Structures are given as C-alpha cells and as structure tokens.
Amino acid sequence: MSIHLTPAFAALRDHAVETGSLHLRDLMQDAKRCRSLTAEHDGVFLDASRQLVTAKTLDLLFALAEQAGLKSKIAAMVRGERINGTEKRSVLHTALRAPKERKLVVDGVDVIAEVHAVNARIKKFADAVRTGRWKGATGKKLVDVVAIGIGGSYLGPEFVAEALRTDGACAKAAAGRRLRFLANVDPIDVARALDGLDPATTLVVVISKTFTTAETMLNAKTVRAWLVKKLGAKAVARHMVAVSTNLDAVAKFGIDPANAFGFWDWVGGRYSVCSAVGLVPLALHYGWKPIERFLAGAHSIDEHFASAPLRKNLPVLLGLFGVWNSTFLGHATRALLPYCQALHRFAAHIQQVDMESNGKRVALDGSTLPFQAGEVDFGEPGTNGQHSFYQLLHQGRVVPADFIGFVESQRPIAVKGEKVVNHDELMANFFAQPDALAFGKTADECRAEGIADELIPHKMFPGDRPSNVLLLRRLDAYATGQLLALYEHRTAVQGFVWGNNSFDQMGVELGKVLGVKVRDQLAKSRAGATAISGFNPSTTALLRRYLEG
Ligand code: F6P
C-alpha cells in the first residue's frame, strides 16, 4: 500500500497542524523530553531535542515506519535482495565494509570474499607505488595522483580525502605526495588538476563505474595526451590505471585490465566510496592503515543500522525527522553544517547521495507520489556559513539543519592570552547556533534590551527552527566512515518510508541525451555547416550567438 494511504500518514498530517501551536522554546524546557530525544552509538551522539516533535509525533513516526515496512526493507537491503527494482539490482554497499570473516552469498557468489580479494590487490598496488616498487616509465617514483571521475566517482573520494588531510597520522602518511581530483569537463579543471605536476612522477586513476561517462572519458583522453606528449605512448601502462565495473571498456580505452580494479553492479555510484572507487586514490595517498579504520567506522554504523531498535537507531531517527520536516511540515531544504573545516566537502557529497537518491516523483511501482519527497541539501562548514546564509536560516525561511561537531580538533591551537583555545571558540558557535534557531528572540526581549520600537521587527528572531546536533569525539578515518554510513542510511530510510527507489537515477539521462544533440550540432557548425536545426528558437539563437564568437 502506498504510504500516503496508511493511517499513520493521515494521523501525521493532522498532527502537523496541531504542532503549529507549539514552540521549541517551550518544548526545550522539558528536561525529560530533551533526554528522550538523544541517542548514541559507538561515540556518535545525537541530540534531536530541537526537532519540533513531541512524544506523540515520535509514536506516529514510528507507526509510519512500521506501516512502511522499514525494518524488513533494511533487512532486505543488507541481505542482498534486488531492492533496486527498476534496475533489478541488489544494493550492497554495506558488503564493501564487512569484515573478512563474514560471508554473504548473493546469487551463488560470496560477495564479501570478492570485496576482500579486490581490496587485497588495491593494498598491494598502493604499497608498490608508495614504496617505489612500481615506478613510472622513466624510472622515477610516482608521488602524485590525479583521480579522474565525476559524481559518485569523485565526490565521495574527495570528501574523504579532505576529511583526512589534516589528521595528524594521515598527513604524515601522505607527506611528499599530492592527490588531485579532475571531475568537470571544463578545460579549466584540467588546467587546475595538472598545474605543477610532472607526467614522469604522476599516476592517473580513471574512475568510472560505466566507463562511458562523457566528462570522464574526455578528461581521461586529455590527460593521456598530456602523459604521452612527454613520455610516449608506452608510458600509459605505467602511468594509468582504472577503476570500473566495465573492464571491456577499460581495455578498449587502452588501459591494461591487469591494471584495473573492479567493483560490482550492486554498488551504486554515489554509494561507491568504500569500493575501489574511493579506496584506490585514498590508499595511494594515505596508505592502507586509515582505509581499514575508515571501513571499520562505516561497518560499525552498518551493524547498528541493521540491528538497533528503531527508536535508538541513529540513521532511522535522522531519516524519520527528515520525513517529518519535509513531507509533513513542508520544509523543502536541509542544511548540513559541520563545525570542522576538514568536512568542507561533506555537504557536496551528501548532496549527491541524498538528492540523486530521493529526488523522485514516483513510487517504486510507478505511481505518482501525492506528496513532496526528497530534500534540497546544501551546506558549508561553520563558522563560514554563519557569515553567509545563516541570515536566512534565522530570520528567513525555515531550514532544518544538522550541526556536526567534534570534542577534539584535528589540529588544536592555543593562543597565549586568549580566553579559550581556538577549538573552543569554534565550538562556542556550534553550541550557540542551534539554540538561537530554536529559541529565537521575542519582541519583549528586544524591548527589554532597549531596542527602538521601529527596529524590533528587524531585530527579533522567530525561533522554532528545528535542528539535529551530532557530536563525535574527533574526526579521524573511523569517524569519517561513521559519518558516511550514517548519512547513506539516512537517505535509504527516507526512501524506504516514501516508497520511492533511492537507488536509480533516471533523472540525469534527459540532459545527457540533449547534450549529445548539441555536441553534434557544434561539431557540424565548427566544420562549416551554416544551418542550426532541430532546436527551439531560443536555443537556436543562443547557439548562433555562441558560434559567432
Ligand atoms: O550522471 C549521474 C551518474 O550516473 C552518477 O550516478 C554517477 O555517480 C556518475 O554519473 C558517474 O558515473 P560513472 O562512475 O559511471 O562515470
């Protein structure tokens, strides 16, 4: 049954109207309520007391989860059932971080054994490159890596690479090495990625699940030409490796499949950072040790997700609050606000994970969803965001936010004579902002401060703006894996409740097809054809203007 026809859905709709008369300022006075809205697993602490929910809301949300079959859907996913119905695929990114001793047989294949076999190859290869046993064509050590890929073949690896860059142990492991990402087909991105690199000391990793993605293929050819120009065609074998599920295409491109690292169709692109997609560039840069911790952190959340009671299950709680805020309270956007500069690419990655997964208008059976599913994700690290878009968060639209902070900094600094150490200064903001959003500032409070009457409307804050607070100990490889899995599963929870397929991405196809048509026209026009045909008047005029230079 479609979720909107369930009694819990109808009850939540009515209840959403009731909550209109509540204010977080009042709800937050109830210490018992605040305590009841916290949950913790393996060092990840969630305080959801600033969600606009009561005990009744929670009961109804868990009833909704039950009526959506959430528990059995989670179980089906981790068991390897083909829950990606439109593509008839399993969804098994959890198998990518399962320990070696585990066994999971899907269609007669032990997928965990396959994962560990590829990981062993990655580890060996990365070690050979890092120690100089694998050398470049001129005999020099390969100290720089350019990872070419886009979407899931880029965002996850970059988020993790950046999260670990300032971690002490990782920084030490990467000393003397550079890792660059090349994603955009914009030639400017090529220039930036290759700037200052020497082909003789550079290893190129072409990452593409399909090995057909236009941007990645053109960038791979461009960088291959850069290598060949200096080192000759034979150098490709020593300087280019690939990550893909399409090993035939890898061979066709000219990369020896012996130098390719495979993965499987049950790994969605945006869920692939724990496969060779992320592990190859990350292991080349940081070595294998942090990878093990990263995978272990993700696995810890996987286990929790699959086994913890729903009421204490972190991804389930985050997902249900997402459904409540977006579908029932009508908040279309969600801000991700890590108070940690090392997470500056986190929001970009979760944007793809979440918006490509749940940006859907139909249920799995093709019926139109009669409510808004999916959320618009955006974010920046605090405190930078505070000096940018927080104005809108405080006094403009209501944007539910996730605040993510750490007890310890990766790089503590104490300045002599300052009242607090630098990390405390950061965290003072972290603790203040959720309260400012929730409590706001009333007209009376403004008046009591002596604010002139005409300025009161400008200086008051309505408050009542929901947020989650996530507090972890320290951002290291383990915590990075935990955060990743937490947000991957949060997205799955929402899709499971809404009833859409969170694991296909048909919405990206139309633009690609039209792009091919424009590319053909540009090629013809550049070759001398004068006619521009097959486009609407606006696009025809725009193309003419572009071609005229
Ligand atoms: O265009 C969207 C998409 O298919 C994403 O889902 C995917 O992560 C990205 O393109 C890259 O795909 P590939 O890894 O096959 O190059």
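Counting starts from 1 at the beginning of each chain's written sequence and moves along it residue by residue. Restriction of local features to residues with pLDDT of at least 70 applies here, the model being predicted, together with a cutoff of 80 or more for giving and counting side-chain atom pairs; totals for whole chains, interfaces and linings are based on all residues. Only hydrogens and water are set aside; all other atoms, that is, all heavy atoms of the structure, feed into the side-chain values.

Thoughts on the overall build of the protein
By the criteria applied, helices consist of DSSP H or I runs no shorter than four residues and strands consist of E runs no shorter than two, each listed in order from the N terminus. Looking only at helices and strands, one finds 23 helices and 13 strands in the protein. Expressed as lengths along the three principal axes of its C-alpha atoms, the size of the protein is roughly 75 × 65 × 60 Å. Only protein chains enter the area calculation, which uses a 1.4 Å probe; residues under 20% of their type maximum are buried, those over 50% are exposed, and those in between are partly exposed. For the protein, buried positions account for 53% of its 549 residues. Note on contacts: a residue pair is in contact if any heavy atoms of the two residues lie within 4.5 Å. The contacts in the protein between residues at least 6 apart in sequence include a share of 75% that link residues at least 24 apart.

Some remarks on empty space enclosed by the protein
Think of a 1 Å grid over the protein atoms and nothing else: a 1.4 Å probe that fits but is trapped marks a cavity, an open set flanked by protein within 12 Å on at least five of seven lines marks a pocket, and residues with an atom within 4 Å of a point count as lining. Grid points are joined across faces, edges and corners, and a volume is the space filled by probe spheres set on the points. Inspection of the entire model under this criterion finds one cavity of 30 Å³ or more. Roughly 50 Å³ of volume is contained in the largest cavity. Of all the secondary-structure elements, those providing two or more residues to the lining of the largest cavity are helix H15 (314–328), strand E12 (401–408) and strand E13 (467–474). In terms of residue count, the dominant contributor to the lining of the largest cavity is H15 (four residues). Gly is placed with the polar residues, together with every amino acid not listed as nonpolar (Ala, Val, Leu, Ile, Met, Phe, Trp, Tyr, Cys and Pro) or charged (Asp, Glu, Lys and Arg). Its residues placed into classes, the lining of the largest cavity shows four nonpolar, five polar and four charged.

Some points on the sheet that holds E13
A pair of strands is labelled paired if DSSP reports no fewer than 2 bridges between them. Strand order across the open sheet formed by six strands is E1-E2-E13-E12-E10-E11, with mixed pairing between neighbours. The strands lining the two open edges of the sheet, one partner per strand, are strand E1 (38–41) and strand E11 (376–379). Pairs of neighbouring strands in the sheet enclose a mean axial angle of 20°, with direction left out of account. Across three bridges, the pairing between strand E2 (residues 44–47) and E13 is antiparallel. Considered in E13, the bridge of Leu46 is made with Leu470. As a rule, the C-alpha atoms of each element are fitted with a line to give its axis, helices using only the stretch in contact, and angles between N-to-C directions run from 0 to 180 degrees. Packed onto the sheet, helix H16 (residues 346–358) meets strand E10 (333–338), E11 and E12 and runs at close to 175° relative to E11.

Observations concerning the domain arrangement of the protein
Where each domain starts and ends follows an automatic or database-derived domain assignment. The domain boundaries assigned to the protein delineate domain 1 (3–67 + 308–504), domain 2 (101–292) and domain 3 (507–548). Domain 2 and domain 3 are separated by 34 Å when their C-alpha centres are compared.

Regarding the site of the ligand
What makes a residue near a molecule or strand is one non-hydrogen atom of that residue sitting within 4 Å of it. Inspection of the region around the ligand gives 13 residues, with Gly152, Ser153, Ser208, Thr210 and Thr213 positioned closest. Two N or O atoms form a polar contact when they lie within 3.5 Å of each other; inside protein one atom must be a possible hydrogen donor and the other a possible acceptor, and for residues adjacent in sequence the pair counts only when both atoms belong to side chains. At a separation of 2.7 Å, an oxygen atom of the ligand approaches a polar backbone atom of Gly152. Within the contact set of the ligand, an oxygen atom lies 2.7 Å away from a backbone nitrogen or oxygen of Lys209. Against a free-state accessible area of 390 Å², the protein chains account for coverage of 87% of the ligand. Here the ligand is seated within the largest pocket. For the shell around the ligand, a count of residues per class yields two nonpolar, eight polar and three charged. Accessible surface is estimated by sampling points in the Shrake-Rupley manner with a 1.4 Å probe; for residues, cover comes only from the protein chains shown. Pocket or cavity membership: a molecule qualifies when more than half of its atoms sit within 2 Å of the grid points of that site.

A word on the layout of surface pockets
Computed from the structure, the largest pocket encloses a volume of approximately 1,100 Å³. If you go around the largest pocket, you meet 43 residues; those closest to its centre are Ile150, Thr210, Thr213, Val508 and Lys512. Elements represented by at least two residues in the lining of the largest pocket include exactly helix H10 (214–231), H16 and helix H22 (509–526). With seven residues, the single largest contributor to the lining of the largest pocket is H22. Its residues placed into classes, the lining of the largest pocket shows 15 nonpolar, 18 polar and ten charged. Of the volumes computed, that of the second largest pocket is approximately 480 Å³. Elements that contribute at least two residues to the lining of the second largest pocket include exactly helix H7 (155–165), E12 and helix H18 (422–439). Per-element accounting of the lining of the second largest pocket gives the leading share, five residues, to H18. Residues belonging to the lining of the second largest pocket are distributed by class as follows: eight nonpolar, ten polar and five charged. Residues lining the lining of the second largest pocket come from more than one domain, with at least three contributed by each of domain 1 (3–67 + 308–504) and domain 2 (101–292).

Structural notes on H16
Helices are assigned an expected span. That span is 1.5 Å times one less than the residue count. Over its 13 residues, H16 runs 18 Å from end to end, which matches the ideal 18 Å to within 8%, given 1.5 Å per residue. The element H16 is largely enclosed, with a buried count of ten among its 13 residues. Of the positions making up H16, those classed as buried are Phe346, Ala347, Ala348, His349, Ile350, Gln352, Val353, Asp354, Ser357 and Asn358. Buried residues in H16 make contact with H7, E10, E11, E12 and helix H21 (477–498).

Remarks on the environment of Leu164
Relative to the helices and strands, Leu164 is located in helix H7. By relative accessible area, which is 4% here, Leu164 ends up buried. Taking the C-alpha atoms as reference points, Leu164 and Ala492, separated by 328 residues in sequence, lie 26 Å from one another. Setting aside anything within four residues of it in sequence, one finds Leu164 in contact with Cys170, Ala171, Tyr286, Pro290, Asp476, Ala477 and Thr480.

Thoughts on the pattern of salt bridges
For salt bridges, the criterion is a side-chain nitrogen of Lys or Arg within 4 Å of an Asp or Glu carboxyl oxygen. Scanning all chains against the criterion turns up 30 salt bridges. A salt bridge links Arg311 to Asp59; its shortest N-O distance comes to 2.7 Å. In this pair, Arg311 is assigned in the loop between helix H14 (289–307) and H15 and Asp59 in helix H4 (residues 55–67), connecting sequence segments 252 residues apart. Take Arg311: its relative accessible area is 42%, and that puts it in the partly exposed class. The residue Glu375 makes a salt bridge to Arg490 at a minimum N-O spacing of 3.5 Å. With a gap of 115 residues between them, Glu375 in the loop between H16 and E11 and Arg490 in helix H21 connect regions that are remote in the sequence. Each member of the pair Glu375 and Arg490 is classed as buried. When salt bridges that share partners are traced, they join Arg334, Asp354, Glu375, Asp377, Asp402 and Arg490 into one network.

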